[in-house]
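Descriptive structure summary
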Amino acid sequence: MKQFSQISRSIQVFFRELSGVPETKAVSQRTLGIALGGGFARGMVHIGVLKVLEEAQIPIAAISGTSSGSIIAAGFCSGLSAAELAEVGCHLRFKDIARLTLDRGGFCSNDRLGAFLTRMCPCKDFSELRTPLVVVATELISGQPAIFRKGSICEAVRASCAYPGMFTPVEINGVLHVDGMLSYEVPTTPLKLKQMGIDCVMGVHLQSHWNQSGAPRHFFDVIGQCFAIAQTRMSLQWEKDADLLLRPNVDGFAFDDFARAPELIALGEESMRAMLPALKHKLGIVELKETPAKIAAAKVAKPAAVQTPA
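What comes next concerns the included structure. (Residues numbered from 1 in each chain as written. Predicted model: local features only at pLDDT ≥ 70, side-chain atom pairs only at ≥ 80, totals over all residues. Heavy atoms only, no water.)

1. Brief notes about the overall build of the chain
If you tally the helices and strands in the chain, you get 10 helices and 13 strands. Across the 310 residues that make up the chain, the buried fraction comes to 49%. Residue pairs in contact within the chain that sit at least 24 positions apart in sequence constitute 76% of those at least 6 positions apart. Of the accessible surface of the chain, which amounts to about 15500 Å², a share of 57% is contributed by carbon and sulfur atoms. (Helix = DSSP H or I, 4+ residues; strand = E, 2+ residues; numbered from the N terminus. Buried < 20%, exposed > 50% of the residue type's maximum accessible area, 1.4 Å probe, protein only. Contact = heavy atoms within 4.5 Å. Areas by Shrake-Rupley, 256 points an atom, 1.4 Å probe, with all protein chains shown as cover.)

2. Quick word on the packing of aromatic side chains
A complete count under the given rule lists 3 aromatic pairs for this structure. Geometrically, the ring pair formed by Phe40 and Phe255 is edge-to-face, given 5.4 Å between the ring centres and 85 degrees between the ring planes. Of this pair, Phe40 sits in the loop between β2 (32–36) and α2 (45–55) while Phe255 sits in the loop between β12 (244–246) and α9 (261–283); the two residues are 215 residues apart in sequence, bridging distant segments of the chain. The residues Phe40 and Phe255 share a single accessibility class, namely buried. Aromatic side chains Phe94 and Phe167 sit 6.1 Å apart centroid to centroid with 35 degrees between the ring planes, which places their arrangement in the tilted category. Of the two residues, Phe94 is situated in the loop between α4 (82–89) and β4 (99–100) and Phe167 in strand β8 (residues 165–167); the sequence distance between them amounts to 73 residues. Given a relative accessible area of 4%, Phe167 falls into the buried group. Ring pairs connect the aromatic residues Phe40, Tyr163 and Phe255, which therefore count as one cluster. (Phe/Tyr/Trp six-rings, centres within 6.5 Å; stacked < 30°, edge-to-face > 60°.)

3. Digging into the side chain of Ser67
Considering the arrangement of structural elements, one finds Ser67 in the loop between β3 (62–66) and α3 (68–77). Contact partners of Ser67, with chain neighbours within four places excluded, come to Gly38, Ser160, Cys161, Asp179 and Met181.

4. Points about the packing of helix α5 (residues 111–120) against helix α6 (residues 153–160)
At a minimum axis distance of 9 Å, the contact between α5 and α6 shows a crossing angle of 140 degrees. Classified by the angle between their axes, α5 and α6 sit oblique to one another. For the element pair α5 and α6, the recorded crossing hand is right-handed. Here Asp111, Leu113, Gly114, Leu117 and Thr118 of α5 come into contact with α6, specifically with Cys154, Val157 and Arg158. Residue composition of the contact of α5 with α6, by class: 4 nonpolar, 2 polar and 2 charged. (Axes fitted to C-alpha atoms, helices over the stretch in contact; angles between N-to-C directions. Parallel < 35°, antiparallel > 145°, perpendicular 65-115°, else oblique. Left-handed = near helix turned anticlockwise from the far one by under 90°. Nonpolar A, V, L, I, M, F, W, Y, C, P; charged D, E, K, R; others polar.)

5. Section: the pairing of β3
Among the 5 residues in β3, 5 count as buried, and that is most of the element. The two faces of β3 match: Ala62, Ser64 and Thr66 on one face and Ile63 and Gly65 on the other face are all buried. Handedness of the β2-α2-β3 crossover: right-handed. Where β3 and strand β6 (residues 133–139) come together, 4 bridges link them in parallel fashion. For Ser64, the partnering residue across the bridge sits in β6 and is Val134. (Right-handed = clockwise from strand over helix to strand, strands pointing away. Pairing = 2+ DSSP bridges.)

6. Notes on the pattern of salt bridges
Should the charged atoms of two oppositely charged side chains come close, the side chains can pair. Scanning the model with the defined rule gives 10 salt bridges in all. Where Glu55 meets Arg273, a salt bridge forms, and the shortest distance between an N and an O atom there is 3.3 Å. With a gap of 218 residues between them, Glu55 in helix α2 and Arg273 in helix α9 connect regions that are remote in the sequence. We classify Arg273 as partly exposed; its relative accessible area is 41%. Arg99 is paired through a salt bridge with Asp111; the nearest N and O atoms lie 2.6 Å apart. One end of the pair, Arg99, is in strand β4; the other, Asp111, is in helix α5, with 12 residues separating them in the sequence. Three or more residues are tied together by salt bridges with common partners; here these are Lys51, Glu55, Glu269 and Arg273. (Salt bridge = Lys/Arg side-chain N within 4 Å of Asp/Glu carboxyl O.)

7. Considerations on the sheet that holds β4
Strand pairing in a sheet relies on backbone hydrogen bonds. The paired strands run either parallel or antiparallel. The strand order across the open sheet built from 3 strands is β4-β5-β8, with neighbouring strands paired in mixed fashion. Of all the strands in the sheet, just β4 and β8 have a single pairing partner and so form its edges.

8. Regarding α2
In an α-helix, one turn spans 3.6 residues, which is why side chains three or four residues apart end up on the same side. The buried count for α2 comes to 8 of 11 residues, which makes it a mostly enclosed element. Buried within α2 we find Val45, His46, Ile47, Gly48, Val49, Leu50, Val52 and Leu53. One or two positions beyond α2, positive phi appears at Gln57, with a value near 55 degrees.

Next comes the structure, spelled out in structure tokens:
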């Protein structure tokens, strides 16, 4: 998959060089951090958002992720392209990340998510990542946010995705953790920390009522709807820390609509393209255009001879 993507990019560069079409480089005056919110299958929207940013060559200084947003963030920060993430996402199903269990802490274990991430992500530890990553979970006993920036990526993401009632809590260093959406539905606040060095934070909020059909279909719909109500009332802090907030309209998509991944990815692309002018303005982006011939000439040009006084 990665080899195919590299070949595709090489062919694009070759034809661009052949045609002499100017190459555009986005030079940003401010650093950008992207905060990807949770949303189960709706998290596929994030792939479309990243695809547009990738195509526009907008540099991303760091990404934070909550719940399903942390899965996409981990893959992208590991070096996977948006196209590679889309290929994985279009084949992903709930059974690939969940396993039924008789544990008293939940109906399912997300240990399969750990195995999935191990296969998907080239990087296993935060220290190996190409782009800085922040994963948000919640400490079950204290209720405090758990901000992960080092250690095992798989364990941090599993903790961030441990949706209460559905998945059993994930223990890390003797502390039980549950879904990061209980702390920050969209993790903008961790990117505002001084040590992150981020000037502009764009949040991606997948706001939707859990159950669209009226009466809940099952136990998980009841939990999910209560979760959605609580999150709406807890949104003041993270919304305040967003310099820009993208809200793709995910109404009509169920939490488990994994089979509709292509539609969700396309929705993310459409929403991000509409936001692109505002983002570029916020970042103070200047687009520099250079022809391949000029770029090649600059690379091979020899420095002028230095004349020394007689």
